[in-house]
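Understanding the architecture of this molecule
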Amino acid sequence: MFGLKADWSREVFERYFTIGDYAGGEARWCPGCGDHGVLSAAHRVLRDAQQRPEMSVCVSGIGCSSRMPHYMGTYGFHGLHGRALPLACGIKSRRPDLDVWVATGDGDCFSIGTAHWIHAIRYNMNMTMMVFDNSIYGLTKAQTSPTSPIGLRTNTHPFGAIINPHNPLTVTLGITNVSFVAQVVDWNPPLLYETLRAAYNHRGTGFVRIIQRCPVYAGKVAKELQGDPSRFLLLEHDKGIPVDKNVHRQFPERAEHDPSDLGRAFQLAADGSRIPVGLIYSNPDAPCYEDLSSRGTEMTPEAKLTSLNDLLDRITI
Ligand SMILES: Cc1ncc(C[n+]2csc(CCOP(=O)(O)OP(=O)(O)O)c2C)c(N)n1
Ligand code: SF4
Ligand SMILES: [Mg+2]
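A brief look at the structure comes next. (Residues numbered from 1 in each chain as written. Chains lettered and ligands numbered in written order. Predicted model: local features only at pLDDT ≥ 70, side-chain atom pairs only at ≥ 80, totals over all residues. Heavy atoms only, no water.)

**With respect to the pattern of salt bridges**
To be explicit about the condition: Here, a salt bridge means any side-chain nitrogen of Lys or Arg that lies within 4 Å of a carboxyl oxygen of Asp or Glu. Strands are runs of DSSP state E lasting at least two residues, helices are runs of H or I lasting at least four, and both sets are numbered from the N terminus onward. Exposure is judged per residue with a 1.4 Å probe applied to protein chains only, and the accessible area is read against the type maximum: over 50% gives exposed, under 20% gives buried, and values in between give partly exposed.
Applying the stated rule across the entire model yields 11 salt bridges. Residue aspartate 258 is joined to lysine 239 by a salt bridge in which the shortest nitrogen-to-oxygen separation is 3.2 Å. Pair noted here: aspartate 258 is in the loop between strand 12 (254-256) and helix 10 (262-270) and lysine 239 is in the loop between strand 11 (232-236) and helix 9 (245-250), with a separation of 19 residues, a long-range link. Between arginine 274 and glutamate 253 there is a salt bridge whose closest N-O contact spans 3.7 Å. Taken as a pair, arginine 274 in the loop between helix 10 and strand 13 (275-282) and glutamate 253 in the loop between helix 9 and strand 12 lie far apart in primary sequence, 21 residues in all. Residue classification places arginine 274 among the partly exposed residues on the basis of a relative accessible area of 29%. Of the residues examined, glutamate 253 reaches a relative accessible area of 27% and is grouped as partly exposed.

**Details of helix 7 (residues 189-201)**
Spelled out, the test is: A helix's residues, less one, multiplied by 1.5 Å, set its expected span.
The end-to-end C-alpha distance of helix 7, which contains 13 residues, comes to 18 Å, matching closely the 18 Å that a straight helix rising 1.5 Å per residue would cover. Within helix 7, the full set of buried residues consists of Leu191, Leu192, Tyr193, Glu194, Thr195, Leu196, Ala199 and Tyr200.

**With respect to the site of ligand 2**
We count it as follows: Working definition: residue near molecule or strand if any one of its non-hydrogen atoms lies within 4 Å of it. Each residue receives one of three labels: charged for Asp, Glu, Lys and Arg, nonpolar for Ala, Val, Leu, Ile, Met, Phe, Trp, Tyr, Cys and Pro, and polar for the others, Gly being one of them.
Taken together, the neighbourhood of ligand 2 is formed by Trp29, Cys30, Cys33, Cys64, Asn134, Gln212, Cys214, Pro215, Val216 and Tyr217. Looking at the shell around ligand 2 residue by residue, the class counts come to 8 nonpolar, 2 polar and no charged.

**A look at the nonpolar core**
Here is the rule we go by: By nonpolar core is meant a set of buried Ala, Val, Leu, Ile, Met, Phe, Trp, Tyr and Cys residues that side-chain atoms within 4.5 Å join together.
Counting 42 residues, the largest nonpolar core has Met68, Met130, Leu196 and Phe232 as its most contacted members. In terms of nonpolar packing, the next biggest core, distinct from the first, is built from 33 residues, Ala120, Val131, Ile175 and Ala269 among them.

**A look at the coordination of the magnesium ion (ligand 3)**
The condition is simple: Sodium, potassium and calcium take a 3.2 Å donor cutoff, other metals 2.8 Å, and in both cases only N, O and S atoms count; water is not among them, so sites may look incomplete.
At the metal site, the magnesium ion (ligand 3) is ligated by Asp106 (OD), Asn134 (OD1) and Ile136 (O), and these contacts range over 2.1 to 2.2 Å. Mapping the donors of the magnesium ion (ligand 3) onto the primary sequence yields the spacing D-x27-N-x1-I. Taken together, the positions of aspartate 106 in helix 4 (residues 106-112) and isoleucine 136 in strand 7 (residues 136-137) put the pair 30 residues apart, joining distant regions of the chain. Residue aspartate 106 is classed as buried on the basis of its relative accessible area, which comes to 2%.

Below you can see the structure in the form of structure tokens.
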């Protein structure tokens, strides 16, 4: 313990927070599930930021990945299917002082939650948005998701998925006021950590699509990708995600990409021949909705009542 520091109306002890302080209940995901790595990376980001656990909240929808709030030692809200983002935006607009982490799946975000995805990106509230994309509905045991590749056999398409998957990157890049788009795989811990850290430190909605292994229901998808690193293109730049030689070893194909170049970001996202990993687009100057919507949160209850009465008096006849 290092001493006393004022916090709201009470005094708290300042101390060093360890990974254990950010961990919640024991993670019940299947062995080999990529979600474990994402959880560890998020714990590390918070530990390295020394954010107080009670100043963070993890919000989710429904799905295997959406169980994340249970495994965080922060506040949490396990919401309804597809509704992680409106919950997160609501929390952020009333409590802009809290860190908000969103955990959502490819079904949760790109299917039932599509409308919220579009609007939340435009609102650009300061939060870290992790989309765990395993190309399948995992929790409900293998239905086709919007990102299931053609030919993937699922319970809803037993002879294989029949239309091309959604491209979440081009969709997100096309939304007005988009401010941060990154893509990463769950099986490269240093890149995963650095990407989540960059999203966390970015002011605005840090959209991170995490290509995630579901060995139980979509094992073939990730296995093919893991077995062929030349499918990926690692994006590098001074303004991008920091990478070291361990990351280089896993990604032999690399390109310089300035993340402020939206046109090039689109090209990279749309190019079906390579899967970009790293920071695809970033605009730190995009306005954040909560800067406007949180006006008045600092007012006392008495001041709020007076201002409400003034307003009503103005329209009284
Ligand atoms: C309104 C509603 N519709 C459908 C469901 C059933 N359901 C629960 S999770 C889920 C899909 C989860 O897939 P995804 O978001 O990709 O998460 P994963 O389990 O793969 O991590 C569905 C369809 C539900 N809980 N609520
Ligand atoms: S079903 Fe798939 S996504 Fe769900 S916990 Fe198991 S491995 Fe992970
Ligand atoms: Mg899924």
